[in-house]
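# Reading the structure
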Amino acid sequence: MAEEEIFDAEVYYKNDPAKWLILVHGFGGSARTWKKQIDFFSKHYNLLVLEMHKRNGNEDLDLDKICKLMNNTLDHYNIEQAHFLSFSFSSLICLRFAVLYPEKVDSLIMGGGILKFNLKTRFLLFLAITFKGFVHYMVLYRFFAYIIMPKKNHMRSRAIFVNEARKLGYEEFCKWLDVIPQTTKSLSWLNELNDNIKVLYVSGNEDYLFLKDTLKHSKKIRNSQMEIIDNCGHVCSIEQYDKFNKIVFKYLTSMSL
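None of the values given here were measured: they were computed from a predicted structure.

### With respect to the overall build of the protein chain
If you tally the helices and strands in the protein chain, you get 11 helices and 7 strands. A globule of 257 residues ought to have a C-alpha radius of gyration of about 18 Å, and the protein chain, at 17 Å, matches this closely. Its C-alpha atoms give the protein chain principal-axis dimensions of roughly 50 × 50 × 35 Å. Classification of the 257 residues of the protein chain by burial places 54% in the buried group. Excluding contacts between residues fewer than 6 apart, the proportion of contacts in the protein chain whose partners are at least 24 apart in sequence is 78%. In the protein chain, which carries 34 positive and 29 negative side-chain charges, the distance between the mean positions of the two groups comes to 8 Å.

In structure tokens, the structure reads:
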């Protein structure tokens, strides 16, 4: 019997009784984008930090296959249930994962969370898909990173993600870009989400592209709450990592009381 394909991952093991926290990076990101969270949460939880852009498979991806690979990875490490900490586009991946594999999910924590793509973001996505064959992918990535994180205080976050995206390569960039339109039915997934799964959204108040829709639609999730960090852009897990970590830790701690 062939071994199931899995994602690469970094493991930070605290002890057997400790709960598992799965860190799922965003589009173009890597485990390195979770450095401040790894430093903090590895003291309290067993961590599995996915490296989704380092898989060996050459075939095309689709959203449900990504979720299956995540599930295979959890099985590989004998993780029966965990909290999931996602960022940006991976919040939609984790939401879909929770619909398909609810028994594996204790809670979902969405940093810079996305619940749907609105008219503006769909137009930007259309531009990216249209020009991916004509414009170097890093030109596109830099452009969209600036659109999403335009202010001076977003500069460090923007630089980190652009630097990580350089390692992607054109084919990997295109594979993941083509997955994004598969999330158009994301709002319908809210009706399928198990009511026992708790959801926390943590966003910066300067998350100009996604915050408004996340605030509006997260209210449709029965067991959800929203935390907003002032003077902070989309990548709140880096830009104001200390506040972000404290919010997430307080939330996780409250569930164990």
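So much for the structure itself; the text now carries on.
### Let's talk about the nonpolar core
Judged by nonpolar contacts, the single largest core of 87 residues is most densely connected at I22, M70, F84, L108 and F173. Sort the elements by how many residues they give to this core and helix α3 (residues 89–100) lands first, with 8 residues. Every residue in contact with F84, bar those within four places of it in the chain, is listed here: L21, I22, V24, M70, L74, C94, F97, K104, V105, S107, L108 and I109.

### Concerning empty space enclosed by the protein
What the rule picks out here adds up to 1 cavity of 30 Å³ or more. Considering only enclosed or pocket space, the largest cavity measures out at about 460 Å³ in volume. Around the largest cavity, the lining is made up of 24 residues, and of these F27, F144, I148, I180 and F210 lie nearest the centre. If you list the elements that add at least two residues to the lining of the largest cavity, you get α4 (119–131), α5 (137–148) and α7 (170–177). Across the lining of the largest cavity, the residue classes break down as 20 nonpolar, 4 polar and no charged.

### Focus: the side chain of T214
Note on placement: T214 falls in helix α9 (residues 211–218). On the accessibility criterion, T214 (0% relative accessible area) is buried. With near-sequence residues (within four places) excluded, T214 lies in contact with G113, I114, L115, Y201 and M226.

### A closer look at the packing of α4 against α5
Interhelical geometry of α4 versus α5 gives an angle of 170° and a closest axis separation of 11 Å. If you check the angle between α4 and α5, you find them roughly antiparallel. Residues L124, L127, A128 and F131 of α4 form the contact with α5, whose participating residues are L140, F143, F144 and I147. Of the residues that constitute the contact of α4 with α5, the class distribution is 8 nonpolar, no polar and no charged.

### Some points on the sheet that holds strand β1 (residues 8–12)
Ordered in space as β1-β3-β2-β4-β5-β6-β7, the 7 strands form an open sheet in which the pairing is mixed. Two strands close off the open sheet at either side, each with one partner strand: β1 and β7 (224–229). Taken pair by pair, the neighbouring strands of this sheet meet at an average axis angle of 20°, ignoring direction. As defined by bridge partners, strand β2 (residues 20–24) adjoins strand β4 (residues 82–87) across 4 bridges and the pair is classed as parallel. Within the sheet, the bridge partner assigned to I22 lies in β4 and is F84. Contacts from helix α2 (residues 63–76) reach β1, β2, β3 (46–51) and β4, with the element oriented near 140° to β3. Strands β2, β4 and β5 (105–111) of the sheet are contacted by α3, whose axis makes an angle of about 150° with β4.

### Here's the deal with the pairing of β2
Within β2, 5 of the 5 residues are buried, which leaves the element mostly enclosed by the surrounding structure. Across the two faces of β2 the burial is the same, with W20, I22 and V24 and L21 and L23 all buried. With 4 bridges connecting them, β2 and β3 associate as parallel partners. Each bridged residue has a counterpart across the sheet, and for I22 the counterpart in β3 is L48.

Rules behind the numbers
Residues numbered from 1 in each chain as written. Predicted model: local features only at pLDDT ≥ 70, side-chain atom pairs only at ≥ 80, totals over all residues. Heavy atoms only, no water. Helix = DSSP H or I, 4+ residues; strand = E, 2+ residues; numbered from the N terminus. Rg over C-alpha atoms; globule rule 2.2 N^0.38 Å. Buried < 20%, exposed > 50% of the residue type's maximum accessible area, 1.4 Å probe, protein only. Contact = heavy atoms within 4.5 Å. Lys, Arg positive; Asp, Glu negative; His and termini not counted. Charge placed at Lys NZ, Arg CZ, Asp CG, Glu CD. Core = buried A, V, L, I, M, F, W, Y, C linked by side-chain atoms within 4.5 Å. 1 Å grid on protein atoms, 1.4 Å probe; cavity = no way out; pocket = protein on both sides within 12 Å on 5 of 7 lines; lining within 4 Å. Points joined across faces, edges and corners; volume = space filled by probe spheres on them. Nonpolar A, V, L, I, M, F, W, Y, C, P; charged D, E, K, R; others polar. Axes fitted to C-alpha atoms, helices over the stretch in contact; angles between N-to-C directions. Parallel < 35°, antiparallel > 145°, perpendicular 65-115°, else oblique. Pairing = 2+ DSSP bridges.

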